[in-house]
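Spelled out, the chains give:
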Amino acid sequence: MCANINATNNFVCKNIGDKLCKNCRVIFYCSRECQKMHWKFHKIECKSEIASKDWQPDYVKEKKVPLFVSDDSRSIPFFNPLNKIENLWGKMPEIDIIKIAFNEFEDGKSNFNGPINLLFAASGDLNDIIMSLNGLPLDFDQTVNICVNDYTERIVVRNFMILYLLAKFGKNAIDIVIQIWYSSSLTDIQAIRSLEIFSLILKDSQMMEENLFEFGKLKIHTHFSSKTWMCLAEMLSNRVDLQTGISLRNEIMFNPMRKDYRHRYMQLLTPGERICFDNFRHHGILLPYGALNAHHNVQNRFILDRTNGWVISDNSDPLSRWDIFSVVQIKNGTADEDFYGKLFFYLREQFVMFIDRLQKLSINFDLYDEDALKLDEKLKDKKFDRIYANDLGDESYIGIKSTLIKFRPLLNANNPNATLITLFMNWLPSVPESDRGEIMEGIIQKY
Ligand SMILES: [Zn+2]
Ligand SMILES: [Zn+2]
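To keep things clear, this report deals only with the structure shown in the data block. Here the structure is a predicted model, which is why all the values come from computation and not from measurement.

## Here's the deal with the sheet that holds strand β17 (residues 419–421)
Here's step 1: Across the sheet, which stays open at both edges, the 7 strands sit in the order β10-β11-β15-β8-β7-β16-β17 with mixed pairing between neighbours. Of all the strands in the sheet, just β10 (210–215) and β17 have a single pairing partner and so form its edges. Put simply, the sheet's adjacent strands are angled 10° from each other on average, direction ignored.

Written out as structure tokens, the structure is:
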């Protein structure tokens, strides 16, 4: 759309924007007239220092040693002074844990003759689940049973909300889901609707451990302790006004201690990419650059609250959670350098496919909020074709030995392709080099 928008007098040009601003190359207008009309707003960013191709980090201009090379900075690879970091946006790009075409596939057809059982033992984001279902062949018609677990209440609640909204409202829920997941503020309508829906769920569930939500062939079974329901109750009652929300978020996102880290990253970007990066950090709203965002005037209570502030670390970025090579292919009228706009449209596409799967297949979700070490007790009657343990294998979590002890027995012995997947993010620095080979070999042979 044309970016000529004036929030103060509610003017929005409804024409298609196909003429790119030649200076920043990230905003489109329908005509020269519209570009001229909007210039008094756009010039602030278009002519800003970061939009210049000669922009340099402050530590270069000031000839200072940046914080990331001085000794004391090594202890702050990311920043959140309240130390309440929650990986609401996950840690790794999404993976399809089924990859059926490389596994259970014979003569061009899937050879799954019964249900496919998946366990996401420390799920974090839903993006792996979305990609795994979206990766199934279009003619796949077997039941899919998906157990999803995470120990962080806010993640459990958020994942449940997303699944519930998509299951109940289908494509109509896509935009609200994107905003609840990734934006620091919502529109009035999004905020009111989400509050109504989840207040009703809280009331109907009576905070019981077991609840079943049915949507035709799709079932969502929650196994939540009271701590998770309490977390939802607190989110719903905790109203943070927009200004407080902005300052709590800015404390993390623009902390002076982290400026050198930000500038190091921005140095790698083109001027247009820098404008979009800076725009997302300032507004915290995942929309194409130049899109109307003035009506996002209610704090997203599902990410930020008065007690914990903004719980996401300053270097966490939704762009690094999705396959960037696919994201940049998105055309949809966004500028080449507007990666956040591309991500917005990429997510819409993925959600359309995901909703199609939710509506056509028989899917049973079982959502848990257990400690990963105790999860096997809850699941002992179940067997899985894939188990994704995320980075539980890291020594700072439960470690590779416990991951194998706890989850290997849950693999489906009748499926030769049944696989346990775990990732290591910090295993190398946490284990002495001399011990690595021996530890891994010993563990793999034994378990
Ligand atoms: Zn411009
Ligand atoms: Zn226009």
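Now that the structure is up, let's keep going.
## Digging into unusual backbone geometry
Here's step 1: Positive phi values are uncommon outside glycine, yet K63 reaches one of about 50°.
Here's step 2: Note that K63 resides in the loop between α2 (58–61) and β5 (105–106).
Here's step 3: The backbone of M207 sits at a positive phi, close to 55°, despite the residue not being glycine.
Here's step 4: Here M207 lies in the loop between α6 (188–205) and β10.
Here's step 5: The exposure class assigned to M207 is partly exposed, which follows from the 15 C-beta atoms found within 10 Å.

## Focus: the packing of helix α5 (residues 174–182) against α6
Here's step 1: It is the contact of α5 with α6, at a shortest axis distance of 11 Å, that shows an interaxial angle of 90°. Here α6 runs roughly perpendicular to α5, going by the angle between their axes. Side by side, α5 and α6 meet where I176, Q179 and I180 of the first sit next to Q190, R193 and S194 of the second.
Here's step 2: For the contact of α5 with α6, the per-class residue count stands at 2 nonpolar, 3 polar and 1 charged.

## Points about the pairing of strand β15 (residues 363–368)
A regular strand places its side chains on the two faces of the sheet in alternate fashion.
Here's step 1: Inspection of the sheet shows strand β8 (residues 144–149) paired to β15 by 6 bridges, in the parallel sense. The residue bridging I146 from the neighbouring strand is F365, located in β15.
Here's step 2: Of the strand pairs in this sheet, strand β11 (residues 218–223) and β15 are connected by 6 bridges, and their pairing is parallel. Within β15, the position partnered with H223 by the bridge is Y368.

## What about the environment of A101?
Here's step 1: Relative to the helices and strands, A101 resides in the loop between α2 and β5.
Here's step 2: C-alpha separation for the pair A101 and G135, spaced 34 residues apart in sequence, amounts to 9.1 Å.

## Details of the nonpolar core
Within soluble globular proteins, side chains that are nonpolar tend to cluster in buried spots.
Here's step 1: Counting 99 residues, the largest nonpolar core has A121, M161, L166 and V177 as its most contacted members.
Here's step 2: Apart from the residues lying within four places of it in its own chain, the contact partners of A121 are N149, A372, L375, I387, Y388, A389, N390, L392 and F407.

What counts as what
Residues numbered from 1 in each chain as written. Chains lettered and ligands numbered in written order. Predicted model: local features only at pLDDT ≥ 70, side-chain atom pairs only at ≥ 80, totals over all residues. Pairing = 2+ DSSP bridges. Helix = DSSP H or I, 4+ residues; strand = E, 2+ residues; numbered from the N terminus. Axes fitted to C-alpha atoms, helices over the stretch in contact; angles between N-to-C directions. Buried ≥ 20, exposed ≤ 12 C-beta atoms within 10 Å, placed from the backbone. Parallel < 35°, antiparallel > 145°, perpendicular 65-115°, else oblique. Contact = placed C-beta atoms within 7 Å. Nonpolar A, V, L, I, M, F, W, Y, C, P; charged D, E, K, R; others polar. Core = buried A, V, L, I, M, F, W, Y, C linked by C-beta atoms within 7 Å.

Nothing here speaks to function; it is geometry throughout.
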